[in-house]
Amino acid sequence: MNLRQLLGRIGLWLSVFVIVSPAILFFLWMASLSLKFEIDNAAYPPVFIPENFAWKNYADVFASNRFVTYFVNSLIVTGSATGLAMLVGVPAGYGIARMAAHKSAVVILIARITPGLSYLIPLFLLFQWLGLLGTLVPQVIIHLVVTVPIVIWIMIGYFETTPLELEEAALIDGATRWQVFRHVALPIAKPGLAVAFILAVIFSWNNFVFGIVLAGRETRTLPVAVYNMISFDQLSWGPLAAAALIVTAPVLLLTVLAQRQIVAGLTAGAVKGG
């Protein structure tokens, strides 16, 4: 390795460190807040590693009213929205990619970049007219507005990079288009499916506005539960940080477990043979 390559590698790692370090610092500080008593959280100078850990902050979160109910609501809403988005978005992405329907792809892109709040008011009026406000159904439906365009857009880009030769060979052997999609295209597209699934879960799980507007007292999701822990008279940083970490943990664990598929899906098509 010559000097130029060494300097380039050092510059790359320094750039990565500068970009990633604020997020790591905020995460570590939130973990520190969740393990400290309120007297340590209010101390000056700040205490990063306390002498005694306040594990009761996590116990208080789970013992708080409806937190477990909100957790189950988040699982139902995110699971349903992600499952339906994959069921609709993967075949749609395959069809758009194979038909080279560029105008349809532009429509999907517009739906992807349009803020979700643009759909909130008309859908709120529709759900109010149908009498569905306060249930989990409108949350699942409106989360599809966010998750379906993500899945379709990712799968369009991924299916465009997969080789057509295998599919053409299957068609010559007498397979139907559905059989080609199921037995040839889907197995090849596993990394892309993982990326689409993870991103759909993240965007659905972390959504706050839809939950606070459309949900009732018993049908709120976890981001709303964390927000409800903020009051005007008292703000307990320990339980609040613990609740935020609990909300983050499922998505973080899922991302760590699927990191190899995510990297493979994001880098697919980046290098092509001549």
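About the cut-offs
Residues numbered from 1 in each chain as written. Predicted model: local features only at pLDDT ≥ 70, side-chain atom pairs only at ≥ 80, totals over all residues. Heavy atoms only, no water. Helix = DSSP H or I, 4+ residues; strand = E, 2+ residues; numbered from the N terminus. Buried < 20%, exposed > 50% of the residue type's maximum accessible area, 1.4 Å probe, protein only. Polar contact = N/O pair within 3.5 Å; in protein donor to acceptor, adjacent residues only side chain to side chain. Contact = heavy atoms within 4.5 Å. Phe/Tyr/Trp six-rings, centres within 6.5 Å; stacked < 30°, edge-to-face > 60°. Lys NZ or Arg CZ within 6 Å of the ring centre and 35° of its normal. Expected span 1.5 Å × (residues − 1). Bend = angle between axes of the 7 residues up to and from the residue. UniProt positions renumbered as here; feature names shortened; annotations may be inferred. Core = buried A, V, L, I, M, F, W, Y, C linked by side-chain atoms within 4.5 Å. Axes fitted to C-alpha atoms, helices over the stretch in contact; angles between N-to-C directions. Parallel < 35°, antiparallel > 145°, perpendicular 65-115°, else oblique. Left-handed = near helix turned anticlockwise from the far one by under 90°. Nonpolar A, V, L, I, M, F, W, Y, C, P; charged D, E, K, R; others polar.

## Remarks on the side chain of Asn-207
On the secondary structure map, Asn-207 appears in the loop between helix H10 (190–205) and helix H11 (209–214). Judged by relative accessible area, which is 15%, Asn-207 ranks as buried. Engagement of the side chain of Asn-207 in a polar contact is seen with the backbone nitrogen of Phe-210, the distance being 3.1 Å. Setting aside residues no more than four positions away along its own chain, Asn-207 makes contact with His-143, Thr-221 and Pro-223.

## Thoughts on the packing of aromatic side chains
Counted according to the given criterion, the structure contains five aromatic pairs. Ring centres of Phe-71 and Trp-205 lie 6.0 Å apart, and the angle between their planes is 80°; on these two criteria the pair is classed as edge-to-face. Taken together, the residues Phe-71 in helix H4 (residues 67–99) and Trp-205 in helix H10 connect sequence positions 134 residues apart. Given a relative accessible area of 26%, Phe-71 falls into the partly exposed group. Taken together, the ring pairs in this structure connect Tyr-94, Phe-159, Trp-178 and Phe-181 into an aromatic cluster. Positioned above the aromatic ring of Trp-29 is the side chain of Lys-36, whose terminal nitrogen or guanidinium carbon lies 4.4 Å from the ring centre.

## Comments concerning helix H13 (residues 237–257)
Given a rise of 1.5 Å per residue, 21 residues ought to cover 30 Å, and the 30 Å separating the end C-alpha atoms of H13 matches this to within 8%. Taking the largest bend as the criterion, H13 deviates by roughly 35°, centred on Ala-249, and proline Pro-250 comes between one and four positions later. Of the residues making up H13, those classed as buried are Gly-238, Pro-239, Leu-240, Ala-241, Ala-242, Ala-243, Ala-244, Leu-245, Ile-246, Val-247 and Val-251. Looking at the buried positions of H13, the neighbouring elements they touch are helix H1 (3–34), helix H2 (38–41), helix H3 (56–63), H4, H10 and helix H12 (222–228).

## Things to note about the environment of Gln-128
Mapped onto the elements of the fold, Gln-128 is located in helix H6 (residues 117–130). Classification of Gln-128 by relative accessible area gives partly exposed; the value is 46%. On a C-alpha basis, the gap between Gln-128 and Ala-241 in space is 34 Å, while along the polypeptide they are 113 residues apart.

## Notes on the UniProt feature "transmembrane region" (unreviewed entry) in the protein chain
Using the residue numbers shown here, the UniProt feature "transmembrane region" (unreviewed entry) corresponds to residues 12–31, 70–94, 106–130, 136–159, 192–215 and 235–257. Secondary structure across residues 106–130 divides into 88% helix and 0% strand, with the first and last C-alpha atoms of the span separated by 32 Å.

## What to know about the nonpolar core
Membership of the largest hydrophobic core comes to 34 residues, with the highest contact counts inside it found for Val-90, Val-151, Met-155 and Phe-159. Those elements that place two or more of their residues in this core are H4, helix H5 (102–113), H6, helix H7 (137–159), helix H9 (177–188), H10 and H11. Top contributing element to this core by residue count: H7, with 11 residues. In this structure Met-155 touches Val-90, Gly-93, Ala-189, Gly-192, Leu-193 and Ala-196, once residues within four positions along its chain are discounted. Tyr-70, Val-226, Leu-240 and Ala-242 belong to the second largest nonpolar core, which has 14 residues in total.

## Side note on the side chain of Thr-78
For Thr-78, the location among the structural elements is in helix H4. Under the relative-accessibility criterion, Thr-78 is labelled buried at 7%. For Thr-78, the contacting residues outside a window of four places in its chain are Val-201, Ser-204 and Trp-205.

## A look at the packing of H4 against H10
At a minimum axis distance of 9 Å, the contact between H4 and H10 shows a crossing angle of 140°. Taken together, the axes of H4 and H10 are oblique relative to one another. Note on packing geometry: the crossing formed by H4 with H10 is right-handed. Where H4 abuts H10, its residues Phe-71, Ser-74, Leu-75, Val-77, Thr-78, Ala-81, Thr-82, Met-86 and Val-90 lie against Leu-193, Ala-196, Phe-197, Ala-200, Val-201, Ser-204 and Trp-205. Taken together, the residues of the contact of H4 with H10 sort by class into 12 nonpolar, four polar and no charged.

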